[in-house]
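Listed below, chain by chain, are the residues.
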Amino acid sequence: MAMSLEEFLEEWNNSSPYIHVQTSGSTGVPKPMLVEKRRMLNSARITCDFLGLHEGDTALLCMSLDYIAGKMMVVRAIERGLKLIVQEPSGHPMAMTQRGNWGTAPRVRSLRSTSGTVPSVSPINFAAMVPMQVYNSLQVPEERERLMQIKNLIIGGGAIDDALSAELKTFPNAVWSTYGMTETLSHIALRRLSGPEASEFYTPFPSVRVSLSDEGCLAIDAPEVCQEPLVTNDIAELSSQNFKILGRKDNIICSGGLKIQAEEVERQLRPFMREPYIISKCPDAKFGEIVVLLTEGSVDEAREVCQRVLPKYHQPRAYIHLDHIPLTETGKPARKQAESLVKKR
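Residues numbered from 1 in each chain as written. Predicted model: local features only at pLDDT ≥ 70, side-chain atom pairs only at ≥ 80, totals over all residues. Heavy atoms only, no water.

Undergrad: What is the right way to look at the overall build of the protein chain in this model?
TA: In terms of helices and strands, the protein chain carries 9 helices and 19 strands. Over its C-alpha atoms, taken along the principal directions, the protein chain stretches across nearly 70 × 45 × 40 Å. The proportion of buried residues among the 345 residues of the protein chain is 49%. Distance between charge centroids for the protein chain: 2 Å, based on 39 positive and 41 negative side chains. (Helix = DSSP H or I, 4+ residues; strand = E, 2+ residues; numbered from the N terminus. Buried < 20%, exposed > 50% of the residue type's maximum accessible area, 1.4 Å probe, protein only. Lys, Arg positive; Asp, Glu negative; His and termini not counted. Charge placed at Lys NZ, Arg CZ, Asp CG, Glu CD.)

Undergrad: Please explain the confidence of the model for the protein chain as it appears in this structure.
TA: Do not read the predicted coordinates in detail wherever pLDDT is low. Confidence in the prediction for the protein chain averages 89 pLDDT; 90% of positions are at 70 or higher. Summarising per-element confidence for the protein chain, the mean pLDDT is lowest in strand β5 (residues 107–110) (65) and highest in strand β7 (residues 152–155) (98). Note on residues 98–105: pLDDT under 50 across the span, and 13 contacts to partners over four residues away in sequence or across chains. Across residues 113–120 the pLDDT falls below 50, and counting only partners more than four positions away or on other chains, this stretch makes 4 contacts in the model. (pLDDT = per-residue confidence, 0-100. Contact = heavy atoms within 4.5 Å.)

Undergrad: Is there a simple way to explain the sheet that holds strand β12 (residues 217–221) in this structure?
TA: Strand pairs in the sheet, formed through backbone hydrogen bonds, run parallel or antiparallel to each other. The 4 strands are arranged β11-β12-β13-β14 in an open sheet whose pairing can be described as antiparallel. Both outer strands of the open sheet, β11 (209–212) and β14 (242–248), are each paired with one neighbouring strand and no more. Taken pair by pair, the neighbouring strands of this sheet meet at an average axis angle of 55°, ignoring direction. Here strand β13 (residues 230–239) runs beside β14; their pairing, made up of 6 bridges, is antiparallel. Residue pairing for β14: E237 is matched across the bridge by K244. (Pairing = 2+ DSSP bridges. Axes fitted to C-alpha atoms, helices over the stretch in contact; angles between N-to-C directions.)

Undergrad: Explain the environment of P89 here, please?
TA: The topology assignment puts P89 in the loop between β4 (83–86) and β5. For P89, a relative accessible area of 45% corresponds to the partly exposed category. Expressed as a C-alpha distance, the spacing of P89 and G70, which sit 19 residues apart in the sequence, is 9.7 Å. In this structure, P89 is in contact with C62, M63 and S64, ignoring residues within four places of it in sequence.

Undergrad: Just to check I follow, could you spell out the pairing of strand β19 (residues 318–321) for this structure?
TA: Where a strand is regular, its side chains alternate between the two sheet faces. Alignment of strand β18 (residues 288–295) against β19, held across 4 bridges, turns out to be parallel. Note on β19: the bridge partner recorded for L294 is I320. At this point the chain moves from β18, through helix α8 (residues 299–309), to the parallel β19, and the crossover so formed is right-handed. (Right-handed = clockwise from strand over helix to strand, strands pointing away.)

Undergrad: Teacher, can you tell me more about empty space enclosed by the protein here?
TA: To find the voids left in a structure, one rolls a probe of water-molecule size over its atoms. One pass over the full model with this rule turns up 4 cavities of 30 Å³ or more. Each pocket or cavity is described by its volume, and for the second largest cavity that value is around 70 Å³. Contributions of two or more residues to the lining of the second largest cavity are made by β17 (277–284) and α9 (335–344). Looking at which element gives the most residues to the lining of the second largest cavity, the answer is β17, with 4 residues. Residue classes in the lining of the second largest cavity are distributed as 5 nonpolar, 2 polar and 4 charged. (1 Å grid on protein atoms, 1.4 Å probe; cavity = no way out; pocket = protein on both sides within 12 Å on 5 of 7 lines; lining within 4 Å. Points joined across faces, edges and corners; volume = space filled by probe spheres on them. Nonpolar A, V, L, I, M, F, W, Y, C, P; charged D, E, K, R; others polar.)

Undergrad: Teacher, can you tell me more about the side chain of S186 here?
TA: Looking at where S186 falls in the secondary structure, it is placed in strand β9 (residues 186–192). Every residue in contact with S186, bar those within four places of it in the chain, is listed here: I68, M72, R76, G180 and M181.

Undergrad: I would appreciate a short explanation of the packing of helix α4 (residues 131–138) against helix α6 (residues 162–169) in the present structure.
TA: Think of two packed helices as two axes; the pair is described by the angle between the axes and how far apart they sit. In contact at an axis separation of 11 Å, α4 and α6 are set at 60° when each is read in the N-to-C sense. In terms of their interaxial angle, α4 and α6 are classed as oblique. The crossing of α4 and α6 is left-handed. Contact residues: α4 offers P131, V134, Y135 and L138, while α6 offers L164, E167 and L168. (Parallel < 35°, antiparallel > 145°, perpendicular 65-115°, else oblique. Left-handed = near helix turned anticlockwise from the far one by under 90°.)

Undergrad: What is the right way to read the pattern of salt bridges from this model?
TA: A side chain of one charge can pair with a side chain of the opposite charge if their charged atoms are brought near each other. By the definition in use, this model includes 17 salt bridges. One salt bridge connects R80 with E79, and the closest N-O pair in it is separated by 3.1 Å. Comparing R80 with E79 shows no difference in burial state: the two are buried. Put simply, E36, R38 and R39 are held in one network by salt bridges that share partners. (Salt bridge = Lys/Arg side-chain N within 4 Å of Asp/Glu carboxyl O.)

Undergrad: Mind showing me how you'd approach the packing of aromatic side chains here?
TA: For any pair of aromatic rings, geometry is given as the distance between the ring centres together with the angle between the planes. In total, this model carries 6 aromatic pairs according to the counting rule given. Judged by centre distance (5.5 Å) and plane angle (20°), the rings of Y202 and F243 are stacked. Pair noted here: Y202 is in the loop between β9 and β10 (203–204) and F243 is in strand β14, with a separation of 41 residues, a long-range link. What makes Y202 buried here is its relative accessible area of 9%. (Phe/Tyr/Trp six-rings, centres within 6.5 Å; stacked < 30°, edge-to-face > 60°.)

Undergrad: How do you make sense of the side chain of E36 when you look at a structure like this?
TA: Counting through the fold element by element, E36 comes out in strand β2 (residues 32–36). A polar contact of 3.1 Å, which involves the side chain of E36, links it to the side chain of R38. (Polar contact = N/O pair within 3.5 Å; in protein donor to acceptor, adjacent residues only side chain to side chain.)

Undergrad: For this particular structure, what's the right way to read helix α2 (residues 37–51)?
TA: Because each turn of an α-helix spans 3.6 residues, side chains separated by three or four positions end up pointing in the same direction. If you check α2, its first and last C-alpha atoms are 21 Å apart, about what 15 residues at 1.5 Å a residue would give, namely 21 Å. Considered for burial, the residues of α2 that qualify are K37, R39, M40, N42, S43, A44, I46, T47, C48 and L51. (Expected span 1.5 Å × (residues − 1).)

Below is the structure:
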């Protein structure tokens, strides 16, 4: 059963200096963690400062409180005195709104207010969503209009494809892609998706330093939110102190002496594939590993697309049809589960 706001606030206000969180499970089984409340407040302060949020600004909570992204929205409201608009998580977070009036469905709370009055909530100064919520909102004209009115929209928890990026680039307000993980207490860097400042590179917060490990993975030194420096599994490219993520080390497929990044193959296919799909791998006696494509659509259609648009060394050597591509609870590709399915087939 999903955690309620009341349950989270009870845990936040107890005598323990720690909060229980769990990882998303995108690279394996979700695992529980204990994190320090003071570091969560540091993270909240850094984000609010970066976005220029002030006491009394409105923030929309439309994500699950079971994971760090939802918890941190509440902590930001606590740290900065934001007026928190609480809405049940759904695929259409803007569907329950009316322009200038939130009706009866969402609850408006000021986590510092003692007056008991309900403030005006238009416009929304700050919201966090996953790509699916943004994509769904763009399909409905009324929801799209409300989405465009959000002053600062951050998007995390999954890849933002080229088509979605192109739509968001025209938004009049600030739209950001986030980079971070549970271990960094949500994000430590943002990249702009809207307007002339749009970029493929993430800008770390001022207190964060990044570098590359010997294997080309992003290393993070964020002392205000992480007790120790952290080496990620994300293959990255640096430009000064900004960085671009190329894919995960776990998702490199070593085939016939070539290193193939699964995410790069998925990006190449994205404009052409009509049904959900995922690139995985399988051990192979001749090549070491081979590229495998799993799809909810026709295997024959997928093969035709791959042979038409992919370089020869990126083309899958096996295709598998699934009724449902495996996803984590937060909607990310469940790659370990996909690999297990491939091996069983």
